[in-house]
Amino acid sequence: MLKKVDSSQLKVGMYIHDLSCDWMTHPFVRNRFLLTSEDEIRKIINAGIHDVVIDNSKGLDVQDAPSVDEAQAATEREIVEIVAKAPVVTRVSLGEEMQRAVQIRHQASTLVRTVMQDARLGKAIELDQVQPVVQNITESILRNPGALVGLLRIKNKDDYTFLHSVSVCTLLVAFCRSRGMDPEITHQAGLGGLLHDTGKALVPDAILNKPGPLTDEEFAIIKRHPQDGYNILLKSPEVGPIPLDITLHHHERRDGSGYPNKQEGDGISELAQMAAIVDVYDAITADRCYHKGMSAAAALRKIYEWSKFHFNPKYAQEFMRCVGIYPVGTMVMLESGRLGVVIEPHETNLLAPKVNVFFNTKKNLYIKPETVDLSRGLGFGGGDKIVGHESPAKWNVDPMRFLTLA
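Predicted model only: the values in this text are computed from it and were never measured. (Residues numbered from 1 in each chain as written. Predicted model: local features only at pLDDT ≥ 70, side-chain atom pairs only at ≥ 80, totals over all residues. Heavy atoms only, no water.)

**Student:** Which parts of the structure should I look at to understand the overall build of the protein?
**Tutor:** Within the protein one finds 15 helices and nine strands. Taking all 406 residues of the protein together, 55% fall into the buried category. For the protein, restricting intrachain contacts to residue pairs at least 6 apart in sequence, the fraction spanning at least 24 positions comes to 67%. Separation of charge centres in the protein, based on 46 positive and 51 negative side chains, amounts to 4 Å. (Helix = DSSP H or I, 4+ residues; strand = E, 2+ residues; numbered from the N terminus. Buried < 20%, exposed > 50% of the residue type's maximum accessible area, 1.4 Å probe, protein only. Contact = heavy atoms within 4.5 Å. Lys, Arg positive; Asp, Glu negative; His and termini not counted. Charge placed at Lys NZ, Arg CZ, Asp CG, Glu CD.)

So this is what it looks like as structure tokens:
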């Protein structure tokens, strides 16, 4: 059985099934292994990993520890209470915004690619090229946040580094907006989000795209990228303190386990703490060459669990309300056995979004797409409910084709 245990309960002879952290945090070249020394336990604790999953069929047990299923169910009940009632404001429909969002996504990812190339060549960042892109992203979020956020859920391994920066910018702007922050501060945060990984321009591609865990030496190189990015941005005097702070400190953690400066608690700025949450959320929901992306619900569960130590719990909960359990572009299974893609959150109940249904799993065939409003009853365009997330790969379907109906 898989059980969730506190890292203080670890003993030599236990089998680690999951270190319960994002891949950029742990110092091990594998995620599953038998604990054979006290030194391995110390490495886990020193890495800021506070709970892990053990497999008691392969090693020692902790008798009173909850099973993974029990722990997840308890966490999800808490998340539903936090997220279910969150106001959503959109000015235009998803269909209206989608075409603009496609252009903005391309424009922004092309810009980040150029910024990275310039950084490799030692050139200063030209902020006058970056500012309009952040403005376009912000305006798209104001019109309908679901369009661009939904599009950015899809990344391939060749352009992940660039689209990750666009995603962090987009999600950070949406996060700032949902918290009612000042427009100029929001814009500066967006700049920080778009430029936060500039230092990765100096990381060899062989390390960035390695299809497996990093060695200690490779991990040390990766951990230099916040400082490298900060130094690159300093070459452009017009880059302000907020983008510089986000770039340098988006890997800091409240318990002091982050890098490069091991800042703690509120010694980390508000926006750097917000950026850290956004950065991790986007990283763990994306497919990479070394791991499959999590569903939004699984990622929010991780963010919520990690907020006990790594993130400000208040900011984590506000971010959860911002993105919701079922973000636009999420593929879901309905009680009827139909698959659908979420196209619009409900204004007050994020558990009952509008869904475009397109596939019947009971008959294993595509059906004529239709929009189902899960907040309505049977006979009023609703009468169904979500029973869980589904992987597009499992059904070999492309839900993004059905984000809008013709």
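**Student:** Hey, could you run me through the pattern of salt bridges in this one?
**Tutor:** Any two side chains of opposite charge can pair, so long as their charged atoms come close to each other. Applying the stated criterion across every chain, the model contains 18 salt bridges. Here K4 ties to E305 by a salt bridge, and the two come within 2.7 Å at their closest N and O atoms. Of this pair, K4 sits in strand β1 (residues 2–6) while E305 sits in helix α13 (residues 296–306); the two residues are 301 residues apart in sequence, bridging distant segments of the chain. Note on accessibility: K4 and E305 belong to one class, buried. Between E344 and K354 there is a salt bridge, and its shortest N-O distance comes to 3.9 Å. Residue E344 is located in strand β6 (residues 338–344), and its partner K354 is located in strand β7 (residues 354–360); the two are separated by 10 residues in the primary sequence. Overlapping salt bridges, with partners in common, bring together R179, E270, K314 and E318 in one network. (Salt bridge = Lys/Arg side-chain N within 4 Å of Asp/Glu carboxyl O.)

**Student:** Which parts of the structure should I look at to understand the side chain of S109?
**Tutor:** Tracing the backbone through its elements, the reader meets S109 in helix α3 (residues 94–120). Residue S109 is classed as buried on the basis of its relative accessible area of 14%. Side-chain polar atoms of S109 contact the backbone oxygen of H106, separated by 3.1 Å. What S109 contacts, discounting residues up to four positions off in sequence, is F162, L163 and V166. (Polar contact = N/O pair within 3.5 Å; in protein donor to acceptor, adjacent residues only side chain to side chain.)

**Student:** What is the right way to read the sheet that holds strand β4 (residues 51–55) from this model?
**Tutor:** To summarise the sheet geometry, strands pair through backbone hydrogen bonds and adopt either a parallel or an antiparallel arrangement. The antiparallel open sheet is built from four strands, whose spatial order is β1-β4-β2-β3. Looking at strand neighbours, the two that pair on one side only are β1 and β3 (33–34), the edges of this open sheet. Here β1 runs beside β4; their pairing, made up of five bridges, is antiparallel. Pairing of K3 across the sheet is with I54, part of β4. (Pairing = 2+ DSSP bridges.)

**Student:** Teacher, can you tell me more about the nonpolar core here?
**Tutor:** Nonpolar side chains in soluble globular proteins tend to end up buried together. If you look at the biggest cluster of nonpolar residues, it comprises 109 residues, and the most contacted ones within it are L10 and V130. In terms of residue count, helix α6 (residues 160–178) provides more of this core than any other element does, 11 residues in total. One finds V203, I207, L208 and Y259 within the second-largest nonpolar core, a separate group that totals seven residues. (Core = buried A, V, L, I, M, F, W, Y, C linked by side-chain atoms within 4.5 Å.)

**Student:** It is not clear to me how α13 should be interpreted in this structure. Could you clarify?
**Tutor:** Since the α-helix advances by 3.6 residues per turn, residues separated by three or four positions end up pointing in the same direction. The buried fraction of α13 amounts to 11 of the 11 residues, a majority that puts the element mostly inside the structure. Restricting attention to buried positions, one finds in α13 the residues A296, A297, A298, A299, L300, R301, K302, I303, Y304, E305 and W306. As for α13, its buried residues are in contact with β1, β2 (15–18), α2 (68–83), α12 (270–285), α14 (313–323) and β9 (386–389).

**Student:** Looking at this model, I keep getting lost on the sheet that holds β9. Mind explaining?
**Tutor:** Reading across the sheet, the five strands line up as β8-β7-β6-β5-β9 and stay open at both edges, with antiparallel pairing between neighbours. Here the strands that pair on one side only, and so sit at the sheet edges, are β8 (365–373) and β9. On average, each strand axis in the sheet is tilted by 30° relative to the strand beside it, whichever way the strands run. Sheet topology note: the strand β5 (residues 331–334)/β6 ladder contains three bridges and is antiparallel. Looking at β6, one finds that M331 is bridged to V341. (Axes fitted to C-alpha atoms, helices over the stretch in contact; angles between N-to-C directions.)

**Student:** Sorry if this is basic, but what is going on with the packing of α13 against α14 here?
**Tutor:** Two numbers describe a pair of packed helices, the interaxial angle and the distance between the axes. Close contact between α13 and α14 brings their axes to 9 Å; oriented N to C, the two are set at 165°. By the angle between their directions, the pair α13 and α14 is classed as roughly antiparallel. The interaxial crossing formed by α13 with α14 has left-handed handedness. Counted together, L300, I303 and Y304 of α13 and A316, Q317, F319, M320 and V323 of α14 form the full contact between these two elements. Looking at the contact of α13 with α14 residue by residue, the classes come out as seven nonpolar, one polar and no charged. (Parallel < 35°, antiparallel > 145°, perpendicular 65-115°, else oblique. Left-handed = near helix turned anticlockwise from the far one by under 90°. Nonpolar A, V, L, I, M, F, W, Y, C, P; charged D, E, K, R; others polar.)

**Student:** Honestly, the pairing of β5 in this entry has me stumped. Any pointers?
**Tutor:** Residues in a regular strand project their side chains so that they alternate between the two faces of the sheet. Residues M331 and M333 of β5 are buried on one face, and the alternating residues V332 and L334, pointing to the opposite face, are buried as well. Between β5 and β6, which pair antiparallel one after the other, the connecting turn spans three residues, and G337 there sits at a positive phi close to 90°. Inspection of the sheet shows β5 paired to β9 by three bridges, in the antiparallel sense. Residue pairing in the sheet places V332 in a bridge with H389 of β9.

**Student:** Could you clarify how one ought to interpret the side chain of H164 in this entry?
**Tutor:** Mapped onto the secondary structure, H164 falls in helix α6. For H164, a relative accessible area of 2% corresponds to the buried category. The residues touching H164, leaving out its near neighbours within four places in the chain, are K155, H196, D197, D279, D282 and A283.

**Student:** Where do I start with the packing of α12 against α14 in this structure?
**Tutor:** Interaxial distance between α12 and α14 falls to 10 Å at its minimum, and their mutual angle equals 50°. Taken as axis vectors, α12 and α14 run oblique relative to one another. In this structure, the crossing between α12 and α14 has a hand that is right-handed. On the side of α12, the interface is formed by E270, Q273, M274, I277, V278 and Y281, while α14 contributes Y315, A316, F319 and V323. Here the contact of α12 with α14 is built from residues that sort into eight nonpolar, one polar and one charged.

**Student:** What's the story with helix α4 (residues 127–143) in this structure? I'm lost.
**Tutor:** Under the 1.5 Å per step criterion, the end-to-end length of α4 is 25 Å for 17 residues, consistent within 8% with the ideal 24 Å. Those residues of α4 that sit buried are L127, V130, V133, V134, I137, T138, S140, I141 and R143. Those residues of α4 that are buried are in contact with α3, α5 (145–151), α6 and α7 (183–195). (Expected span 1.5 Å × (residues − 1).)

Any link to function would need more than the numbers given here.
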